[in-house]
Amino acid sequence: MMENKDQILERSIGERIKTLRAENGLTLDRLASESGVSRAMISRIERGEASPTAALLARICAALGLSLSGFFAENEEAVSPLVKKRDQQLWKDPETGYVRRAISPPRVGSDVDIVEVEFPPGARVGFPPHAASRGMTQYVWLFEGVLEMTSGGVLHLMEPGDCLFMPVGEGHVFHNPTEKPARYAVVLDQRQR
């Protein structure tokens, strides 16, 4: 039986985590301890038996010293200043159904990543504070819908056209309080300040 694109991506996510864990000299137990994700769950993800949620994957990436954008960009091999929409990598969070599209061309030597997100009605995703992302910043630019963004303990209500700047490492919560999807861009600057 042939794998579909989602299965191939999920398998590659697991393989990438396993490779990064080995490169960092981390055991499953140590990665579990540093990420706050159970050893059993990490093992299942590495074997391609479980699909990580956005929050779990962000915690694992932080423990490995990466952002989500950095994690996904490393899977890309082509170096081109142009990436066609049909070639932009998609990832769907299995818990909330939010769809993440990597917009910016990978591996072009820039510290800036652009991601487009389609965020379902009622969805909520929290990213806990993590030291590996301290100094990184991001903008959230809302195109459609409504978002409640919590950053640094402050709640911001966003409407179409609004743009919010925030440090990545402090942790934040994305919430769509409506019955309509929200669509936004995240512009992430991975330079450590």
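Whatever comes next refers back to the structure up there.
The structure contained in this document is the topic of the report that follows. (Residues numbered from 1 in each chain as written. Predicted model: local features only at pLDDT ≥ 70, side-chain atom pairs only at ≥ 80, totals over all residues. Heavy atoms only, no water.)

**Some remarks on the packing of helix 2 (residues 28-35) against helix 4 (residues 54-63)**
Counted only if it meets this: Orientation is described by lines fitted to C-alpha atoms, with helices fitted over the stretch in contact, and by angles between N-to-C directions that extend from 0 to 180 degrees. Strands are runs of DSSP state E lasting at least two residues, helices are runs of H or I lasting at least four, and both sets are numbered from the N terminus onward. Orientation labels follow simple angle bins: below 35 degrees gives roughly parallel, above 145 gives roughly antiparallel, 65 to 115 gives roughly perpendicular, and whatever is left gives oblique. By definition, any crossing whose near helix is turned counterclockwise from its far helix by less than a right angle is left-handed, and any crossing with a clockwise turn is right-handed. Throughout, a contact is declared for two residues whenever any of their heavy atoms are within 4.5 Å. Ten residues, namely Ala, Val, Leu, Ile, Met, Phe, Trp, Tyr, Cys and Pro, are considered nonpolar, four, namely Asp, Glu, Lys and Arg, are considered charged, and the remaining ones, Gly among them, are considered polar.
As a packed pair, helix 2 and helix 4 sit with axes 8 Å apart at the nearest point and diverge in direction by 110 degrees. Between helix 2 and helix 4, the interaxial angle falls into the category roughly perpendicular. Crossing handedness for the pair helix 2 and helix 4: right-handed. Packed against helix 2, whose contacting residues are L31, E34 and S35, the element helix 4 presents R59, I60 and A63 at the interface. Split into classes, the residues belonging to the contact of helix 2 with helix 4 amount to three nonpolar, one polar and two charged.

**Things to note about the packing of helix 2 against helix 3 (residues 39-46)**
Contact pair helix 2 / helix 3: the axes reach a minimum separation of 8 Å and the direction vectors enclose 115 degrees. Classified by the angle their axes make, helix 2 and helix 3 are roughly perpendicular. As helix 2 packs across helix 3, the resulting crossing turns out to be right-handed. Here L28, D29, L31, A32 and S35 of helix 2 lie close against helix 3, whose contacting residues are R39, I42, S43 and E46.

**Topic: the sheet that holds strand 5 (residues 137-144)**
One key point about sheets: their strands pair by backbone hydrogen bonds, in either a parallel or an antiparallel sense. Rules: The pairing criterion for strands is at least two bridges between them, as found by DSSP.
Strand order in this open sheet of six strands is 1-2-3-10-5-8, and the pairing throughout is antiparallel. Two strands close off the open sheet at either side, each with one partner strand: strand 1 (90-92) and strand 8 (163-167). Within this sheet the neighbouring strands show an average axis-to-axis angle of 20 degrees, counted without direction. With seven bridges connecting them, strand 5 and strand 10 (residues 182-189) associate as antiparallel partners.

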